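Structural overview for review
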Amino acid sequence: MKHPCVRLGLTGGIGSGKSTVAALLVEFGATLIDADAISRASTAAGGSAIEAVRAAFGDEFITADQAMDRDRMRARIFADPTARAKLEAIIHPIVRAEIDQQLAALPRGVAVLDLPLLAESSAWRERCDLIWVVDCAPETQIRRVMQRNGWPRSQVEAVLAAQASREQRLAIADCVIDNEGVTLAELGAQVRQQWQQLSQRFGL
């Protein structure tokens, strides 16, 4: 499928600052397509994945308002690695179809594909013209998420262990946005510089 816009894949581990970089790119004129938001919508009350989740996992994973019970599912996934693959097999095709639909409707410009699983999935990478990785030290990620979410350290470490490693993400990067020990203004300056280079490269 040909797309009239530049598809910029954006990824980074939990607490890396990926959402902040995505917001900056939108300020510069990009259109954000958020895979997590699409995924959450599919498992929200009445979402398109609910009946498949019910069939695969049982009624106990569906709440009274017909949404997926996220806390119960999170516990199941950490206890049983095969459950994650089963859930992804339901949700990923829905997310891919919605992303392709949104891309097809976009005019010329830059579409930022906010894809947390970019390093883990060659299928997602094939949808991108270039890949940006937001990077910081794992210890910084842990500190930020503990402060932001109020989670215990062990819970943050479990999430990090389930994600691609820092090395795996850096290995796929066309551009690395360094978010270690920088101010918001310094981060913004990095993103602006890379945005200008991208605009020149693609003649935007």
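Scoring rules and cut-offs
Residues numbered from 1 in each chain as written. Predicted model: local features only at pLDDT ≥ 70, side-chain atom pairs only at ≥ 80, totals over all residues. Heavy atoms only, no water. Domains from an automatic or database assignment. Buried area = accessible area lost by both parts, 1.4 Å probe. Salt bridge = Lys/Arg side-chain N within 4 Å of Asp/Glu carboxyl O. Polar contact = N/O pair within 3.5 Å; in protein donor to acceptor, adjacent residues only side chain to side chain. Helix = DSSP H or I, 4+ residues; strand = E, 2+ residues; numbered from the N terminus. Buried < 20%, exposed > 50% of the residue type's maximum accessible area, 1.4 Å probe, protein only. Arc of directions from axis to C-beta. Contact = heavy atoms within 4.5 Å.

1. Quick notes on the domain arrangement of the protein chain
Taken domain by domain, the protein chain holds domain 1 (1-30 + 110-203) and domain 2 (44-108). Here the C-alpha centroids of domain 1 and domain 2 sit 23 Å apart. Of the roughly 1,300 Å² buried between domain 1 and domain 2 on both sides combined, carbon and sulfur atoms contribute 68%. The tally of links between domain 1 and domain 2 comes to one salt bridge. Salt-bridge contacts for Arg127 lead to Asp100; the nearest nitrogen and oxygen are separated by 3.2 Å. Viewed at the interface, domain 2 and domain 1 are joined by one residue pair in polar contact (both at pLDDT 80 or more). When contributions to the side of domain 1 that touches domain 2 are tallied by element, the ones reaching two or more residues are strand 3 (110-114) and helix 8 (153-162). In terms of residues, the side of domain 1 that touches domain 2 owes the most to one element, helix 8, which gives four residues.

2. What to know about helix 1 (residues 18-27)
Two residues of an α-helix separated by three or four positions point the same way, owing to the 3.6 residues in each turn. Every buried residue belonging to helix 1 is among Lys18, Val21, Ala22, Leu24 and Leu25, and all of these are buried. Angular distribution of buried residues about the axis of helix 1 spans 160°; they occupy a single face of the element. Opposite the packed face of helix 1, turned more than 90 degrees from it, sit the exposed residues Ser19 and Glu27. Looking at the buried residues of helix 1, the elements they touch are strand 1 (6-11), strand 2 (31-34), strand 3, strand 4 (130-135), strand 5 (175-178) and helix 10 (184-202). Count one or two residues on from helix 1 and you reach Gly29, which has phi positive near 120°.

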